[in-house]
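# Summary of the model geometry
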Amino acid sequence: QVQLVESGGGLVQAGGSLRLTCAVSGAALTADAMGWYRQHPGKQRELVATISSAGSTDYADSVKGRFTIATEGAKNTVALQMNSLKPEDTAVYYCNAEFRVTGTGSFDYWGQGTQVTVSS
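Description of the structure in this document.

Calculation criteria
Numbers given to residues run from 1 along each chain, matching the order in which its sequence is written. Side-chain atom pairs in this predicted model are given and counted only at pLDDT of 80 or more, local residue features only at pLDDT of at least 70, and totals for whole chains, interfaces and linings cover all residues. Excluded from the side-chain calculation are hydrogens and water; included are all heavy atoms of the structure. Under the DSSP-based scheme used, a helix requires at least four consecutive residues in state H or I and a strand at least two consecutive residues in state E, with every element numbered from the N terminus. Each radius of gyration is computed over the set of C-alpha atoms, and the globule rule expresses the reference value as 2.2 Å times the number of residues to the power 0.38. Relative accessibility under 20% of the residue-type maximum defines a buried residue, over 50% an exposed one, and the middle range a partly exposed one, all with a 1.4 Å probe and only protein chains included. The Shrake-Rupley method, run with a 1.4 Å probe, gives the accessible areas here. Residue values count only the displayed protein chains as cover. Any N or O atom pair separated by 3.5 Å or less is treated as a polar contact, with the protein-specific requirement of one donor-capable and one acceptor-capable atom, and with residues adjacent in sequence counted only for side-chain atom pairs. Strands qualify as paired when DSSP identifies two bridges or more between them. Angular values range over 0 to 180 degrees, each being the angle between N-to-C directions of two axes fitted as lines to C-alpha atoms, with helices fitted over their stretch in contact. A pair of aromatic rings is counted whenever rings of Phe, Tyr or Trp (Trp by its six-membered ring) have centres within 6.5 Å, and the orientation is called stacked for planes under 30 degrees apart, edge-to-face for over 60 and tilted otherwise. Distance and angle both matter: a charge sits over a ring if NZ of Lys or CZ of Arg is within 6 Å of the ring centre and within 35 degrees of the ring normal.

For the rest of this paragraph, the subject is the overall build of the chain. In terms of helices and strands, the chain carries zero helices and 11 strands. Reading the chain from its N terminus to its C terminus gives the helix and strand order β-β-β-β-β-β-β-β-β-β-β. Here the C-alpha atoms of the chain give a radius of gyration of 14 Å, agreeing with the 14 Å that 2.2 N^0.38 yields for 120 residues. Projected onto its principal axes, the C-alpha positions of the chain cover 50 × 25 × 25 Å. Relative to its full complement of 120 residues, the chain shows a buried share of 41%. Summing over all exposed atoms, the chain offers an accessible surface of approximately 6400 Å²; the carbon and sulfur share of this is 48%.

In this structure, Thr-114 sits in strand E11 (residues 114–119). Residue classification places Thr-114 among the buried positions, given a relative accessible area of 13%. For Thr-114 and Lys-75, which are 39 residues apart along the polypeptide, the C-alpha to C-alpha distance reads 21 Å. A distance of 3.4 Å separates the side chain of Thr-114 from the backbone nitrogen of Gly-9, its partner in a polar contact.

For the rest of this paragraph, the subject is the sheet that holds strand E8 (residues 77–82). Spatial ordering of the open sheet is given by E1-E3-E8-E7, a layout of four strands whose pairing is antiparallel. Here the strands that pair on one side only, and so sit at the sheet edges, are strand E1 (3–7) and strand E7 (67–71). The average undirected angle you get between the axes of adjacent strands in this sheet is 15°. As paired elements, E7 and E8 share five bridges and run antiparallel to each other.

Here we take up the packing of aromatic side chains. For the structure on display, the rule yields two aromatic pairs. Aromatic side chains Phe-99 and Tyr-109 sit 5.8 Å apart centroid to centroid with 80° between the ring planes, which places their arrangement in the edge-to-face category. Remark: Tyr-109 occurs in strand E10 (residues 105–110) and Phe-99 occurs in strand E9 (residues 91–101); sequence separation between them is 10 residues. What makes Phe-99 buried here is its relative accessible area of 5%. The class of Tyr-109 is partly exposed, set by a relative accessible area of 27%. The ring of Tyr-94 has Arg-45 sitting right over it, with the charged end atom 3.7 Å from the ring centre.

Backbone geometry places Asn-76, a non-glycine residue, at a positive phi of 55°. Mapping Asn-76 onto the fold places it in the loop between E7 and E8. At Ser-84, a position not held by glycine, the phi torsion is positive, near 50°. Position of Ser-84 among the secondary structure elements: in the loop between E8 and E9.

As structure tokens, then:
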């Protein structure tokens, strides 16, 4: 059974930094893409940053220049370094892993979410 385990959320003052990590367990394949999404109260989940297995990255405009997504040494492990945090970054952050199986389709898995709170 594929599971995503997130860590690193917490409370930080504006201008501070946090680092989120996500590790996938139970997957025989390497994820084709992994990413972080966030959800503000009462709003839809939105993309924060993604990274493909080839290393291509994509960021939401609101976090460009402040957040960096990168793979870690272990397979299917990704980190999100968040610097210069702002109160509007406060949200629940979710890790996502996408697996594409030729002839079958795409499979998405989600972590349970980790709370990030930025105080002003």
